[in-house]
Amino acid sequence: MATIEVKTKSGTYQVRIGRGLLAHLSAELETALAGQKRPSTIAVVTESNVAPLHLTATVEALAPFGAKVIQHVFPAGETSKKLDTVAGILDFLAENRVTRSDLVVALGGGVTGDIAGFAAAIYLRGIRVVQIPTTLLAAIDSSVGGKTGVDLPAGKNLCGAFWQPSLVLCDPDLLKTLPQEILHDGVAEAIKYGVIGDRPLFDLLATQNLDEHLETVIERCVASKADIVARDEFDRGERALLNFGHTFAHAIEKCSGFAVSHGRAVGIGMVMMSRLAFQQGWTHEECAPAIATALQRYALPIATEFTPAQLLPYLLGDKKRSGKELTLVIPESIGRCVLHPIDVEEFQRLGK
Ligand code: GLY
């Protein structure tokens, strides 16, 4: 069992990582909410793929807590990450008379954490949320750090709020039911953590058996994220490092109508950005091939069929754009990335 503390302006919370932890959800909640008002209703929000796998076990694990447990299931998929789905959750909470002292449990992958977290952030101007990630991607990234929100037709994650959870409960046993393809989607994000600041993690992912090291991988990624969030909770500087590969990734996801999953798009984005950085003389030659080789170990793609001209409109819609400037994340070497602000027009020229 590992415990990682995330220190934020709104308080410190724990990410608890351990096999079989879901069964101890009530006791974990008692500890996490100690000294706070006790929720009398707990709203479990999940999606249609996760519900048949983990909803019953979650509801049963909540029984000892003694609160009324209500459930809301929305259709699985990135296309659910929109305001309509959040509106559905808000209506559900209101219809069930959920109050300020109650609690939302977000049970699922990145989409669930983002939209249930966003609903919790804005319902009654904010009620507590607990994140229970069921994908590797959610376990190592989206469940930690308080970014919640939805996509808009113009781009990914364009609407949202920072809303930190009261607890992140990560049970790696929940990842056992994941199809390998979805597990490996999360590996792309884990490789990202290696490239931005943890060379030993990168080497582990590039050479070792993932099954044997899954908990270590989760712990190292969460520890990195907790450090970055503690220093830059509101994404005004260093936190942008976590977006390595994401500028291209969001464009690829959008261009493909989300046929290319987030992790796969991040993998391609990291290789594209590393190649671009090498072409500009900003990085070593080794970065792009090393990242590509690591990704290929997990059957992750390293290139896209979309041309720069097709990607460009989406790249310019990137939420990290600030006025005429875009902040690129460049790997100086494996284990060290830097932020590279660039004029949008110059960036357009680079892509040609
Ligand atoms: N997933 C990137 C971040 O939390 O900042």
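First, a word on scope: everything that follows refers to the structure included in this document. (Residues numbered from 1 in each chain as written. Predicted model: local features only at pLDDT ≥ 70, side-chain atom pairs only at ≥ 80, totals over all residues. Heavy atoms only, no water.)

Residues in close proximity to the ligand include Asp-141, Lys-147, Lys-225, Arg-239 and Leu-242, which together make up its full environment. Residue Lys-225 places a side-chain N or O atom 2.6 Å away from an oxygen atom belonging to the ligand. Between the ligand and Arg-239, the relevant distance is 2.7 Å, taken from an oxygen atom to a side-chain nitrogen or oxygen of the residue. Bound to the protein, the ligand loses 89% of the 200 Å² it would expose on its own. (Near = heavy atom within 4 Å. Polar contact = N/O pair within 3.5 Å; in protein donor to acceptor, adjacent residues only side chain to side chain. Areas by Shrake-Rupley, 256 points an atom, 1.4 Å probe, with all protein chains shown as cover.)

Here we take up the pattern of salt bridges. A full pass over the atoms with the stated rule returns 19 salt bridges. Ionic pairing is found between Asp-141 and Lys-192, a salt bridge with its closest N-O pair at 3.8 Å. With Asp-141 in helix 5 (residues 136–142) and Lys-192 in helix 6 (residues 180–197), the pair connects residues that are 51 residues apart, well separated along the chain. Lys-192 shares its class with Asp-141; the two are buried. Ionic pairing is found between Glu-253 and Lys-156, a salt bridge with its closest N-O pair at 3.2 Å. Separated by 97 residues along the polypeptide, Glu-253 in helix 9 (residues 246–255) and Lys-156 in strand 8 (residues 155–162) bring together distant segments of the chain. (Salt bridge = Lys/Arg side-chain N within 4 Å of Asp/Glu carboxyl O. Helix = DSSP H or I, 4+ residues; strand = E, 2+ residues; numbered from the N terminus. Buried < 20%, exposed > 50% of the residue type's maximum accessible area, 1.4 Å probe, protein only.)

Here the focus is unusual backbone geometry. With phi around 55°, Asn-157 is a residue other than glycine that occupies positive phi space. Take Asn-157: it is sitting in strand 8.

This paragraph deals with the sheet that holds strand 11 (residues 325–333). Read from one edge to the other, the open sheet built from three strands follows the order 10-11-12, with strand pairing classed as antiparallel. Of all strands in the sheet, those bounded by a partner on one side alone are strand 10 (321–322) and strand 12 (336–343). In the sheet, strand 10 pairs with strand 11 via two bridges, with the strands oriented antiparallel. When the bridges of strand 11 are listed, Ser-322 appears paired with Glu-325. (Pairing = 2+ DSSP bridges.)

Inspection of every chain in the model, using the stated rule, returns two aromatic pairs. Consider the rings of Phe-162 and Phe-234, whose centres lie 5.2 Å apart with planes at 90°: the pair is edge-to-face. Taken together, the residues Phe-162 in strand 8 and Phe-234 in the loop between helix 8 (210–231) and helix 9 connect sequence positions 72 residues apart. On the basis of an interplanar angle of 40° and a centroid distance of 6.3 Å, the ring pair of Phe-248 and Phe-347 is categorised as tilted. Separated by 99 residues along the polypeptide, Phe-248 in helix 9 and Phe-347 in helix 13 (residues 344–350) bring together distant segments of the chain. Judged by its relative accessible area of 4%, Phe-347 falls in the buried class. Above the plane of the ring of Phe-65 lies Arg-38, whose end atom (NZ or CZ) is 4.2 Å from the centre. (Phe/Tyr/Trp six-rings, centres within 6.5 Å; stacked < 30°, edge-to-face > 60°. Lys NZ or Arg CZ within 6 Å of the ring centre and 35° of its normal.)

Right, let's get into the sheet that holds strand 2 (residues 11–17). With mixed pairing, the seven strands of this open sheet are ordered in space as 1-2-9-6-5-3-4. The sheet terminates laterally at strand 1 (2–8) and strand 4 (68–74), the two strands that pair on one side only. If you compare each strand with its neighbour and ignore which way they point, the axes differ by 20° on average. Taken strand by strand, helix 1 (residues 25–32) contacts strand 2, strand 3 (41–47), strand 5 (103–108), strand 6 (128–133) and strand 9 (167–170), and its axis lies near 155° from that of strand 9. (Axes fitted to C-alpha atoms, helices over the stretch in contact; angles between N-to-C directions. Contact = heavy atoms within 4.5 Å.)

Further remarks concern the side chain of His-72. Secondary-structure assignment places His-72 in strand 4. His-72 sits in the buried class, given a relative accessible area of 15%.

Moving on, we come to the pairing of strand 8. Pairing analysis gives five bridges linking strand 7 (residues 147–152) to strand 8, with the strands arranged antiparallel. Each bridged residue has a counterpart across the sheet, and for Thr-148 the counterpart in strand 8 is Ala-161. Taking the residues between adjacent antiparallel strands as the criterion, strand 7 and strand 8 are bridged by two residues.

Note that all results are geometric; they support no functional claim without further evidence.
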